[in-house]
Amino acid sequence: MTEALMGSYAVLYREMLLFKYKLMRLGYVFYSVSTPILYLLAFGLGFGSRVQIPDYGAFLIQGIVCMSSMTNSFNMVSVSVGMGRLHSGEFQTVLTSPVSASSVMGGLVLSGIIRGLFASSMILLAGLFVFHVFPFTTMGLFALVLNTAFFSAAGVIIGVIIDDMENHAVLTNFIIMPMAFFSGTFYPVDFLPHWLQKVVWIMPLSHANKLIRVGELNSATASSFVLLSGLTLVCIAAGTVMLDRYTE
């Protein structure tokens, strides 16, 4: 157990050194938070007062924070793994080190959680400055961590299976972006046509958005919590198996 934890820490430490290097470049921080902040300002200040949703500012902050945690944790982990596999060869070096596949998976997921939470904190500060609210409960913050864990694990899987970085862009445009716009980020899922709601509730981000807006876990949200937790465990298990069986 101690050996596995030390292995995860080693992988996490490596990823955090790379993250620290990127943070020193202004363009990285701008890229991570510019689009969500633009959404926050455009939707919140543009027509926020005209939307018939009580306390739309708080609703919008919660949704954009959730969306930002998804995109950053998924993109940063999948790009790190994909680029390391296909270009630099650093990923293969990690896998050939005396660290188990489960430890590699754990370190990568933890790094994605940290990256997602970092971007989310920037959005929280911007929302606090614009709307003067901090609309998060303990349950909401826990849901945010669970959301970043799921998409970090999914990022590892995608990073392992893609053949080139163009495939990554295709997956982002046709899966991640529609999920960002239709999963309750900017408006309640109930606003959508009934047939589309059934499709949207298949998307993990819809359940994350539902959980992030509740004060406590109850019978109405328990199914979303169980589903998102189950999907996270499945992705972590699947990613671990893929790393263990990885060959060139």
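Everything below is about the structure printed above this text.
Being a predicted model, the structure only gives us computed values, none of them experimental.

### Remarks on the overall build of the protein
Within the protein, the regular secondary structure consists of 10 helices and zero strands. Against the 2.2 N^0.38 benchmark of 18 Å for 248 residues, the protein shows a C-alpha radius of gyration of 18 Å, consistent with a compact globule. Its C-alpha atoms give the protein principal-axis dimensions of roughly 55 × 40 × 35 Å. Within the protein, residue pairs in contact and separated by at least 24 positions form 80% of the contacts whose partners lie at least 6 positions apart. Accessible surface, the protein: about 12200 Å² in total, of which carbon and sulfur atoms supply 70%. A gap of 6 Å separates the mean positions of the 11 positive and 11 negative side-chain charges of the protein.

### Quick notes on the side chain of Ser224
Structurally, Ser224 can be placed in helix 10 (residues 222–244). Residues contacting Ser224, with those up to four places away along its chain left out, are His207, Lys210 and Leu211.

### A few points about the nonpolar core
In a soluble, globular protein the nonpolar side chains are often hidden away together inside. Ile64, Met70, Phe151 and Leu243 are the most contacted members of the largest nonpolar core, which has 59 residues in total. The set of elements that each furnish at least two residues to this core consists of helix 2 (26–46), helix 3 (56–88), helix 4 (90–96), helix 5 (101–131), helix 6 (138–161), helix 7 (165–182), helix 9 (204–212) and helix 10. Tallying contributions element by element places helix 6 first for this core, with 13 residues. Apart from residues no more than four positions distant in its own chain, Met70 is found in contact with Asn147, Phe151, Ile176, Met179, Ala180 and Leu205.

### Brief notes about the environment of Ser69
Note on placement: Ser69 falls in helix 3. A relative accessible area of 0% means that Ser69 is categorised as buried. Contact partners of Ser69, with chain neighbours within four places excluded, come to Gly116, Ser120, Leu144, Asn147 and Thr148.

### Some remarks on the packing of aromatic side chains
For the structure shown, the criterion picks out 12 aromatic pairs. Look at Tyr9 and Tyr13: their rings are 6.0 Å apart centre to centre, the planes differ by 25°, and that puts the pair in the stacked class. Highlighted residues: Tyr9 and Tyr13, both in helix 1 (residues 2–23), separated by four residues, approximately one helical turn. With centroids separated by 4.8 Å and ring planes inclined at 80°, the aromatic side chains of Phe150 and Phe151 adopt a geometry described as edge-to-face. The same class applies to Phe150 as to Phe151, namely buried.

### Overview of the packing of helix 6 against helix 9
Contact geometry for helix 6 and helix 9: axes closest at 8 Å, N-to-C directions at 160°. Viewed along their axes, helix 6 and helix 9 adopt a mutual orientation that is roughly antiparallel. As for how helix 6 packs across helix 9, the hand of that crossing is left-handed. Seen from helix 6, the contacting residues are Met139, Gly140, Ala143, Leu144, Asn147, Phe150 and Phe151; seen from helix 9, they are Pro204, Leu205, Ala208, Leu211 and Ile212. Its residues placed into classes, the contact of helix 6 with helix 9 shows 10 nonpolar, two polar and no charged.

### Quick notes on the side chain of Thr71
Positionally, Thr71 belongs in helix 3. Within the local environment of Thr71, its side chain forms a polar contact with the backbone oxygen of Ser68, the two atoms lying 3.1 Å apart. In this structure, Thr71 is in contact with Met76 and Ile176, ignoring residues within four places of it in sequence.

### Points about the packing of helix 3 against helix 5
One can describe the packing of helix 3 onto helix 5 by two numbers: an axis separation of 8 Å at closest approach and a directional angle of 150°. Here helix 3 lies roughly antiparallel to helix 5, going by the angle between them. Here the hand of the crossing between helix 3 and helix 5 comes out right-handed. Contacts between helix 3 and helix 5 pair Gly57, Ile61, Ile64, Val65, Ser68, Ser69, Asn72, Ser73, Met76, Val77, Ser80 and Val81 from the former with Leu108, Ser111, Gly112, Arg115, Gly116, Ala119, Ser120, Ile123, Leu124, Gly127 and Phe131 from the latter. Among the residues forming the contact of helix 3 with helix 5, the class breakdown is 11 nonpolar, 11 polar and one charged.

### Looking at helix 10
Because an α-helix completes one turn every 3.6 residues, residues spaced three or four positions apart along the sequence face the same direction. An ideal rise of 1.5 Å per residue puts 33 Å on 23 residues; helix 10 measures up with 33 Å between its terminal C-alpha atoms. Taken together, the buried positions of helix 10 are occupied by Ser224, Leu228, Ser229, Thr232, Cys235, Gly239, Thr240 and Leu243. Summarising the contacts, the buried residues of helix 10 are in contact with helix 4, helix 5, helix 6 and helix 9.

What counts and what doesn't
- Counting starts from 1 at the beginning of each chain's written sequence and moves along it residue by residue.
- With pLDDT at 70 or above as the cut-off, local features in this predicted model cover only qualifying residues; side-chain atom pairs require 80 or more to be listed or tallied, and sums for whole chains, interfaces and linings still use all residues.
- To get the side-chain values, all heavy atoms of the structure are used, and hydrogens and water are removed first.
- Helix numbers and strand numbers start at the N terminus; a helix is a DSSP run of H or I with at least 4 residues, a strand a run of E with at least 2.
- Radius of gyration here uses only the C-alpha atoms, and the compact-globule reference equals 2.2 Å multiplied by the residue count raised to the power 0.38.
- We call two residues contacting when some pair of their heavy atoms lies within 4.5 Å.
- Values of accessible area rely on a 1.4 Å probe in the Shrake-Rupley scheme; residue burial ignores everything except the protein chains shown.
- Under the convention used here, Asp and Glu are negative, Lys and Arg are positive, and both His and the chain ends fall outside the count.
- The atom standing in for a charge is NZ when the residue is Lys, CZ when it is Arg, CG when it is Asp and CD when it is Glu.
- To qualify as a nonpolar core, a set must consist of buried Ala, Val, Leu, Ile, Met, Phe, Trp, Tyr and Cys residues joined through side-chain atoms within 4.5 Å.
- We call a residue buried when its accessible area falls under 20% of the maximum for its residue type, exposed when it is over 50%, and partly exposed in between, using a 1.4 Å probe and counting protein chains only.
- Aromatic pairing here means that ring centres of Phe, Tyr or Trp (its six-membered ring) are within 6.5 Å. Orientation follows from the plane angle: under 30 degrees is stacked, over 60 is edge-to-face, and everything else is tilted.
- Lines fitted to the C-alpha atoms define the axes, with helices restricted to the stretch that makes contact. Angles between their N-to-C directions range from 0 to 180 degrees.
- Note on angle classes: values under 35 degrees are labelled roughly parallel, values over 145 roughly antiparallel, values of 65 to 115 roughly perpendicular, and the remainder oblique.
- Helix crossings are classified by the rotation of the near helix relative to the far one: an anticlockwise turn of less than a right angle makes the crossing left-handed, while a clockwise turn makes it right-handed.
- Gly is placed with the polar residues, together with every amino acid not listed as nonpolar (Ala, Val, Leu, Ile, Met, Phe, Trp, Tyr, Cys and Pro) or charged (Asp, Glu, Lys and Arg).
- Pairs of N or O atoms are called polar contacts if they sit within 3.5 Å, as long as, within protein, a hydrogen donor faces a hydrogen acceptor (for residues adjacent in sequence, only side-chain-to-side-chain pairs).
- Multiply 1.5 Å by the residue count of a helix minus one, and that product is the helix's expected span.

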